[in-house]
Amino acid sequence: MKICPGAVASGGWGWQFRDMVIGVPKESYPGERRVALTPAVLPSLNQAGLRVLVEAGSGADAGYLDEDFKQAGAEIIGSRREIFSAADIIVQVLALNANPVAGLSDLGLMRPHQALIAFLRPLATHDNHISALAEARVTGFAVELIPRITRAQSMDALSSMSTVVGYKAVLAAAEALPKMFPMLMTAAGTIKPARIFVIGAGIVGLQAIATARRLGAVVKAYDVRPAVRQEVESLGARFVEIPLETGEEEKAGGYAKAKDESFYRRQQELLTGVIGESDVVITAAVVPGRKAPVLITEAMVREMAPGSVIVDLAAEQGGNCAFSSAGENVVRDGVTIMSPINIASTVPFHASQLYAKNLSTLLLYLIKDGQLKLDGEDPIITDTLITYDGAVVNARIREFLQLPLVEPGGKE
Ligand code: NAD
């Protein structure tokens, strides 16, 4: 494949490829069952002139067979190395920092000016390989940085996966709780509904609320952003008010602002009562790029009744509960604390369906007339593009990596 570098728009950059080829390697994160593209999105990509190569068996764990991909217009390739060498753009679910061992070895298969679009976890606080991606001169897009703006909604892969996670977290809690969720009036007496408390009503939290309500639980929720109150209430849950001065809470993009330790201590005190009376607490409270605040201390766990369940979805960012340990379930004072990771992979069919739609929309947005067009004024691109032509070009990631600020597209 011949690659012709060149500026493509005023104030923008890009690479032109002939017969652009999209490569879908099999996911390599341990236990990962999703696939980056599904047969349903292939016709729109083919129509736009894109060839799609899929590594044999990539979709099998999610229920998408090679035969389905072939019929939808993909070419099935037996070798991973061949996918990497033939593709202009590699699309994956988890790559680089989001797939710490295998993701790094894939970097050795990539060539300058090849593009990589995936969850790259660019804000990883340890083992961050974004600079290595830049040194390999790969054009890297981190899909978790798609801005939460209206016209990017159909590309918002993080929201898609969070929706799946909120749903599955409630099922995990229901499975572990020695009680039922719904109120039941039977000849043998009345069963009270389970009391669920959701802390952090972002995408994950709102879906957890909706799922717990559908199962018949009584649900309360809390978030530092008062703006979500209406959404919480519209799902049939009660918004917990605590007398805490939160000030100007929301940053652009619908994310909360970080607070200091004294704020979180006060929050712990004020939430103790609600947590103590809950059968299940689901926590999904984070500020992107920050360690998750500890909102449930060891003492607060002791206030909960034996048999209660905490599902901490922020465990990979350090955890909202003091007992959390990413990827493990622990029992303390009779309370089960679950810290599941990579939950979306446990619903691979629908998680892949949503992700593939997000990615294909993004691909069709980025590629115009066989060119990868990177408009330096477009927030969908400037927020998501992290490496280009040998440099880390994303201002937020440069700041995070403590690199000096440069003009987008400029050299370090
Ligand atoms: P989000 O940014 O949409 O929501 C986070 C919410 O937390 C926001 O509404 C924010 O206002 C709120 N918040 C921040 N600080 C708070 C505080 N001190 N008290 C109360 N609320 C606070 O993020 P999301 O997409 O809903 O994801 C939430 C969490 O779930 C993240 O930690 C994310 O990494 C995690 N997650 C886990 C998995 C998994 O497999 N375990 C998968 C996807 C997401």
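From a predicted model like this one, the values you see are computed outputs, not experimental measurements.

### Brief notes about the overall build of the protein
Here's step 1: On a plain count of helices and strands, the protein comes out with 13 helices and 21 strands.
Here's step 2: For 412 residues, the compact-globule estimate of 2.2 N^0.38 gives 22 Å, and the C-alpha radius of gyration of the protein, at 23 Å, lies within 12% of that figure.
Here's step 3: With the C-alpha coordinates aligned to their principal axes, the bounding extent of the protein is approximately 70 × 50 × 35 Å.
Here's step 4: Put simply, of all contacts in the protein between residues at least 6 apart along the chain, 68% involve residues at least 24 apart.

### What about the sheet that holds strand β12 (residues 218–222)?
Here's step 1: Within the open sheet, the 7 strands sit side by side as β13-β12-β11-β14-β15-β17-β16. Their pairing is mixed. The two strands at the open ends of the sheet, each matched to only one other strand, are β13 (238–239) and β16 (329–332).
Here's step 2: Pairing of β12 with β13, which is carried by 2 bridges, proceeds in the parallel orientation. Along β13, the bridge assignment pairs A221 with F239.

### Regarding the packing of aromatic side chains
Here's step 1: Scanning all chains against the criterion turns up 4 aromatic pairs.
Here's step 2: Judged by centre distance (5.6 Å) and plane angle (20°), the ring pair of F119 and Y355 falls under stacked. One end of the pair, F119, is in strand β7 (residues 115–119); the other, Y355, is in helix α11 (residues 348–366), with 236 residues separating them in the sequence. In this structure, F119 and Y355 share a single accessibility class: buried.
Here's step 3: Seen from their ring centres, F263 and Y264 are 5.8 Å apart, and the 85° between their planes marks the pair as edge-to-face. Like Y264, F263 is buried.
Here's step 4: Sitting above the plane of the Y365 ring, K368 keeps its charged end 5.3 Å from the centroid.

### Quick word on the side chain of T38
Here's step 1: As for its placement among the helices and strands, T38 is situated in the loop between β3 (21–24) and α1 (42–47).
Here's step 2: Residue class for T38 comes out buried when judged on its relative accessible area of 3%.
Here's step 3: In this view, T38 contacts Y64, F69, S352, Q353 and A356; residues no more than four positions away in its chain are not counted.

### A word on the sheet that holds strand β6 (residues 89–94)
Here's step 1: Here 8 strands make up an open sheet; going across it, the order is β5-β4-β3-β6-β7-β8-β20-β21 and the pairing mixed. Edge strands, defined here as strands with exactly one partner in the open sheet, are β5 (75–77) and β21 (391–392).
Here's step 2: In terms of strand pairing, strand β8 (residues 139–142) meets strand β20 (residues 385–388) through 2 bridges, oriented antiparallel. Across the sheet, residue F141 finds its bridge partner in β20, namely L385.
Here's step 3: Packed onto the sheet, α11 meets β3, β6, β7 and β8 and runs at close to 150° relative to β7.

### Some remarks on the domain arrangement of the protein
Here's step 1: Assigned domains within the protein: domain 1 (3–145 + 347–400) and domain 2 (165–338).
Here's step 2: Placing the centre of domain 1 and that of domain 2 at their C-alpha centroids yields a distance of 34 Å.
Here's step 3: In this complex, domain 1 contributes 5 residues to the contact, which on the side of domain 2 involves 4 residues.
Here's step 4: Here domain 1 and domain 2 share an interface that buries about 350 Å² over both sides, 53% of which is from carbon and sulfur atoms.
Here's step 5: Linking domain 1 with domain 2 are 1 salt bridge, by the criterion used here.
Here's step 6: In this structure, E316 engages R121 in a salt bridge whose closest nitrogen and oxygen atoms are separated by 3.6 Å.
Here's step 7: On inspection of domain 1 and its partner domain 2, the count reaches 0 residue pairs in polar contact (both at pLDDT 80 or more).
Here's step 8: Per-class residue counts for the side of domain 1 that touches domain 2 are 3 nonpolar, no polar and 2 charged.

### Examining the packing of helix α6 (residues 157–176) against helix α7 (residues 203–214)
Here's step 1: Between α6 and α7, the least distance of the axes is 7 Å, while the angle of their chain directions is 40°. As the angle between them shows, α6 and α7 are arranged oblique. Taken as a pair, α6 and α7 cross one another with a handedness that is right-handed. Along the contact surface, α6 presents S159, S162, T163, V165, G166, Y167, V170 and L171, while α7 presents I203, V204, Q207, A208, T211 and A212.
Here's step 2: Its residues placed into classes, the contact of α6 with α7 shows 8 nonpolar, 6 polar and no charged.

### A look at the nonpolar core
Here's step 1: Membership of the largest hydrophobic core comes to 106 residues, with the highest contact counts inside it found for L37, I89, V91, I117, I196 and Y355.
Here's step 2: Residue contributions to this core reach at least three from each of two domains, namely domain 1 (3–145 + 347–400) and domain 2 (165–338).
Here's step 3: For I196, the contacting residues outside a window of four places in its chain are F181, A212, A217, V218, V219, K220, V280 and I282.
Here's step 4: Core analysis: the second largest hydrophobic core is formed by 24 residues, F263, L271, I296 and V330 among them.

What counts, and at which threshold
- Residues numbered from 1 in each chain as written.
- Predicted model: local features only at pLDDT ≥ 70, side-chain atom pairs only at ≥ 80, totals over all residues.
- Heavy atoms only, no water.
- Helix = DSSP H or I, 4+ residues; strand = E, 2+ residues; numbered from the N terminus.
- Rg over C-alpha atoms; globule rule 2.2 N^0.38 Å.
- Contact = heavy atoms within 4.5 Å.
- Pairing = 2+ DSSP bridges.
- Phe/Tyr/Trp six-rings, centres within 6.5 Å; stacked < 30°, edge-to-face > 60°.
- Buried < 20%, exposed > 50% of the residue type's maximum accessible area, 1.4 Å probe, protein only.
- Lys NZ or Arg CZ within 6 Å of the ring centre and 35° of its normal.
- Axes fitted to C-alpha atoms, helices over the stretch in contact; angles between N-to-C directions.
- Domains from an automatic or database assignment.
- Buried area = accessible area lost by both parts, 1.4 Å probe.
- Salt bridge = Lys/Arg side-chain N within 4 Å of Asp/Glu carboxyl O.
- Polar contact = N/O pair within 3.5 Å; in protein donor to acceptor, adjacent residues only side chain to side chain.
- Nonpolar A, V, L, I, M, F, W, Y, C, P; charged D, E, K, R; others polar.
- Parallel < 35°, antiparallel > 145°, perpendicular 65-115°, else oblique.
- Left-handed = near helix turned anticlockwise from the far one by under 90°.
- Core = buried A, V, L, I, M, F, W, Y, C linked by side-chain atoms within 4.5 Å.

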